[in-house]
Amino acid sequence: MSVVLCSKPARILRGRARLLVMPMIRLCVTVSLTAILLFSTVLFTVAQNNVPVSDPQAISYANRALQALTQGVPAIDVTFNGNVRCISSTKTETGTGTFKGKGLSESRVDLFLGSGTKTEVRNGTSGVPLGNWYGPDGSVHEYANQNSWTDAVWFYPSLSSLTSPSGANIILSYVGQEVRGGIQVQHIHSYVYASGKDPIIISLVQSMSGMDFYLDSSSLLPVAVAFKAHPDNDTNTNLAVEIDFSDYRAVSGFQVPYHIQKLFQGTLQIDFTATSAAINSGLSDTIFAIQ
């Protein structure tokens with residue numbers, strides 16, 4: 001049996017074929033990259049041209065809830081003082097607490113417990129939501145970005161996304177009537193629309209800022225709000241957070257919840273009972289400075 005090796009003419013032909021093929025490969029790569037960039041541009045343009053709007057029914061309920069809460073007078077800031085019980089997996093502590101909020105983007109919670117003072121500060125006045133917390137040892141810990149997009153003033157419904165249905169970046173939708181805690185409620189969902197951003201960013205912000213408000217069907221006062229928290233190093237894992245409001249009282253013409261409970265993954269974490277509340281006292285922005 002004989003073996004035929006490549007002859008010189010054959011090698012020349014192969015060399016010429018390679019010269020023809022390589023430019024074609026480079027052309028295909030260039031065309032592919034151009035197509036990808038063009039497709040991304042199209043997606044971005046489509047996203048900008050399809051700006052979502054709030055559901056009229058959701059806006060109606062939100063406006064009626066705002067009227068029930070404030071009687072038509074704008075709430076600018078709030079200060080709660082009261083008694084608090086904090087429950088963790090290892091211990092339960094009691095003490096006092098001060099909850100302060102201003103606008104829709106500034107809040108400060110100080111808990112004075114047996115083990116020392118614990119403080120949480122949120123501030124989004126720069127346009128980027130930020131937060132930090134620190135305990136008795138004084139070490140400052142930053143909020144993960146994925147945990148900074150929900151309402152800063154989570155403890156006072158009059159300074160929440162629910163009360164700004166006309167806000168350009170707050171989108172409200174009506175989910176429906178439900179039974180929650182044995183009472184009929186109206187369920188409204190809210191999220192932040194990151195206008196002008198890349199579609200991926202828009203989707204992430206929508207997911208991280210989502211909140212569910214539950215209004216008493218009779219009084220339209222908020223009885224609960226629910227949202228998702230996430231581990232600092234994992235945006236894909238959802239941790240259920242629920243805030244329950246009860247014992248509403250009239251303070252300077254505003255309806256204010258004197259009993260506030262925070263549940264984490266279905267377990268009571270903070271149980272706060274106010275002893276006093278002040279609305280529109282003129283809180284300074286320096287109170288909410290991020291360290």
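**Considering the pairing of strand S8 (residues 183-192)**
- For S8, the tally of buried residues reaches 7 of 10 residues, placing the bulk of the element in the interior.
- Two strands pair when backbone bridges link them, and strand S7 (residues 170-180) and S8 are joined in this way by 10 bridges, in the antiparallel orientation. The residue bridging Ile170 from the neighbouring strand is Val192, located in S8.
- Pairing analysis gives 6 bridges linking S8 to strand S9 (residues 211-216), with the strands arranged antiparallel. From the neighbouring strand, His189 faces S9, where its bridge partner is Asp212.

**Remarks on empty space enclosed by the protein**
- Counted by the stated rule, this structure contains 1 cavity of 30 Å³ or more.
- Reported here for the largest cavity is a volume of approximately 50 Å³.
- Forming the walls of the largest cavity are Asp151, Val153, Trp154, Tyr156, Pro157, Ser160, Met211, Phe213, Val225 and Phe245.
- Classifying every residue of the lining of the largest cavity gives 8 nonpolar, 1 polar and 1 charged.

**Quick word on the layout of surface pockets**
- The volume enclosed by the largest pocket comes to roughly 1000 Å³.
- Along its surface, the largest pocket is lined by 36 residues, and Glu120, Trp133, Tyr143, Lys262 and Gln269 are the ones closest to its centre.
- Of all the secondary structure elements, the ones that give two or more residues to the lining of the largest pocket are strand S1 (77-87), strand S3 (106-113), strand S4 (116-123), strand S5 (130-134), strand S10 (222-229), strand S11 (239-251), strand S12 (254-264) and strand S13 (267-279).
- Ranked by residues supplied to the lining of the largest pocket, first place goes to S4 with 4 residues.
- For the lining of the largest pocket, a count of residues per class yields 18 nonpolar, 8 polar and 10 charged.
- Of all the elements in the fold, those that place two or more residues in the lining of the second largest pocket are S4 and helix H3 (199-209).
- With 4 residues, H3 is the single largest residue contributor to the lining of the second largest pocket.
- For the lining of the second largest pocket, a count of residues per class yields 14 nonpolar, 10 polar and 3 charged.

**Topic: H3**
- Every buried residue belonging to H3 is among Ile202, Val205, Met208 and Ser209, and all of these are buried. All buried residues of H3 project into a common sector of 140° when viewed along the axis, lining one side. More than 90 degrees from the buried face of H3, the exposed residues found are Ile200 and Ser207.
- For H3, the capping residue at the N-terminal end is Asp198, with a side-chain oxygen 2.8 Å from the backbone nitrogen of Ile200.

**Points about the side chain of Asp216**
- Residue position: Asp216 is located in strand S9.
- Buried charge without a partner: Asp216 forms no salt bridge, and the closest opposite charge is Arg64, 10 Å away.
- Setting aside residues up to four positions removed in sequence, Asp216 forms contacts with Ile183, Gln184, Val185, Leu221 and Val223.

**Comments concerning the pattern of salt bridges**
- Counting across every chain of the model gives 7 salt bridges.
- A salt bridge links Asp271 to Arg85; the nearest nitrogen and oxygen atoms lie 3.2 Å apart. With Asp271 in strand S13 and Arg85 in strand S1, this residue pair connects regions lying 186 residues apart in the sequence.
- The salt bridge involving Glu242 is made with Arg180; its shortest N-O contact spans 3.2 Å. You can see Glu242 sitting in strand S11 and its partner Arg180 sitting in strand S7, a full 62 residues away along the chain.

**Here we look at the packing of aromatic side chains**
- Tallied over the full model, the rule gives 8 aromatic pairs.
- Pairing Tyr61 with Tyr174 gives two aromatic rings, centres 5.3 Å apart and planes at 20°, and the pair type is stacked. One end of the pair, Tyr61, is in helix H2 (residues 56-70); the other, Tyr174, is in strand S7, with 113 residues separating them in the sequence.
- With a relative accessible area of 14%, Tyr61 lands in the buried category.

Rules used in this analysis
Residues numbered from 1 in each chain as written. Predicted model: local features only at pLDDT ≥ 70, side-chain atom pairs only at ≥ 80, totals over all residues. Heavy atoms only, no water. Buried < 20%, exposed > 50% of the residue type's maximum accessible area, 1.4 Å probe, protein only. Helix = DSSP H or I, 4+ residues; strand = E, 2+ residues; numbered from the N terminus. Pairing = 2+ DSSP bridges. 1 Å grid on protein atoms, 1.4 Å probe; cavity = no way out; pocket = protein on both sides within 12 Å on 5 of 7 lines; lining within 4 Å. Points joined across faces, edges and corners; volume = space filled by probe spheres on them. Nonpolar A, V, L, I, M, F, W, Y, C, P; charged D, E, K, R; others polar. Arc of directions from axis to C-beta. Polar contact = N/O pair within 3.5 Å; in protein donor to acceptor, adjacent residues only side chain to side chain. Lys, Arg positive; Asp, Glu negative; His and termini not counted. Salt bridge = Lys/Arg side-chain N within 4 Å of Asp/Glu carboxyl O. Contact = heavy atoms within 4.5 Å. Phe/Tyr/Trp six-rings, centres within 6.5 Å; stacked < 30°, edge-to-face > 60°.

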